[in-house]
Amino acid sequence: MCRMILAYGQFDATAVLDAARAMSCGETATHDGPIKQHPNGWGCLWLDQGKIRTLHGTGTFADALPGIDVDALRHSRFLAVHVRHATLSKNHGIEFSHPLWRTSGATQWYMMHNGFLPTVYAQLGMAESRFDSAEYLEYIVDQATPADFTRDYLRSKMARVAPGGSAANAIFVTRDKAWAWQWHPDDTPYPDYFTLHHYQNNSTTFISSEPIAALGTASDWRRMNNHELHEFPLGE
């Protein structure tokens, strides 16, 4: 289970990174979930002069944050940060830190995932699951193009997955577009924990696992509806 935040438009990168740190430490956890802290790895993705850049680490984001070169992010108009709580103890290490990536056709895809999908492996013809988030990415993007990425497409894909998962919330990114996707089954045990939050003003959009008061007052944030999808153009 994880926390993540997306920033698009004009924003203070330092404030966004600190929002991710606060979520990772449990400082903003007012949800119904039992997991408050997310110490098992982290990752950042941003747009730099038309190119996707990523940074990954293990351990806590709070420990890593002082060493991140914030100046490299200041002029980006897209930034996503993921902080992780490993659902399974075997899935620790840099290879499990998000964003994950996969090439499908001519498209390089990146993904940050919040949730646990232990049954999605069956859609790939696998005998058992090895890492649910990687299997989720493969299932969603293989044989797909960015033009396929609609609410109906994502809903139809998730409708085929056997019950047992908690959420498929995700940030998907290609060179030209990014998407934020809210999805959890109706019987998810912690709907507040698995509901993303949306903030928008004239120049900035934030989508975050938790509303962050430092980025906007409570009245500026709204809970996203289940199966809500947002698309962001990145091409220049």
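Since the model is a prediction, treat every value here as computed from it, not as a measurement. (Residues numbered from 1 in each chain as written. Predicted model: local features only at pLDDT ≥ 70, side-chain atom pairs only at ≥ 80, totals over all residues. Heavy atoms only, no water.)

**A closer look at helix α1 (residues 13-25)**
Within an α-helix, residues lying three or four positions from one another point in the same direction, as the helix has 3.6 residues per turn. Helix length check: α1, at 13 residues, gives a terminal C-alpha distance of 19 Å against a target of 18 Å (1.5 Å per residue), a fit within 8%. For α1, the full list of buried residues reads A13, V16, L17, A19, A20, R21, A22, M23 and S24. Close packing links the buried residues of α1 with β1 (2-9), β2 (42-48), α2 (61-64), β4 (78-84) and β10 (204-208). Between the side-chain oxygen of the N-cap and the backbone nitrogen of T14 there are 3.0 Å, and the N-cap of α1 in question is D12. Where α1 terminates, the next one or two residues include G26, which has phi positive at roughly 85°. (Helix = DSSP H or I, 4+ residues; strand = E, 2+ residues; numbered from the N terminus. Expected span 1.5 Å × (residues − 1). Buried < 20%, exposed > 50% of the residue type's maximum accessible area, 1.4 Å probe, protein only. Contact = heavy atoms within 4.5 Å. Polar contact = N/O pair within 3.5 Å; in protein donor to acceptor, adjacent residues only side chain to side chain.)

**Overview of the packing of aromatic side chains**
Tallied over the full model, the rule gives 12 aromatic pairs. Seen from their ring centres, Y136 and F172 are 6.1 Å apart, and the 65° between their planes marks the pair as edge-to-face. A residue pair is termed long-range when its members are at least 10 positions apart, and Y136 in helix α3 (residues 132-141) and F172 in strand β7 (residues 169-173) qualify at 36 residues. You'll find Y136 and F172 in the same group, each marked buried. Three or more aromatic residues joined by ring pairs form one cluster here, namely W109, Y136, F149, Y153, F172 and W179. The positively charged end of R3 is found above the aromatic ring belonging to Y193, 3.9 Å away from the centroid. (Phe/Tyr/Trp six-rings, centres within 6.5 Å; stacked < 30°, edge-to-face > 60°. Lys NZ or Arg CZ within 6 Å of the ring centre and 35° of its normal.)

**Looking at the side chain of H230**
Looking at the element boundaries, H230 is found in strand β12 (residues 229-233). Among the polar contacts made by the side chain of H230, one reaches the side chain of E228 at a distance of 2.6 Å. Sequence-distant contacts of H230, defined by excluding residues within four places in its chain, comprise A178, W179, A180, H198, I207, R222 and M224.

**Regarding the pairing of strand β8 (residues 177-181)**
Most of β8 sits inside the fold, with four of its five residues counted as buried. Here four bridges tie β7 to β8, and the two strands are oriented antiparallel to one another. Within the sheet, the bridge partner assigned to V173 lies in β8 and is A178. What sits between β7 and β8 in their antiparallel hairpin is a turn of three residues. Note that β8 and β12 share five bridges and pair antiparallel. Following the sheet pairing, W179 is matched in β12 by E231. (Pairing = 2+ DSSP bridges.)

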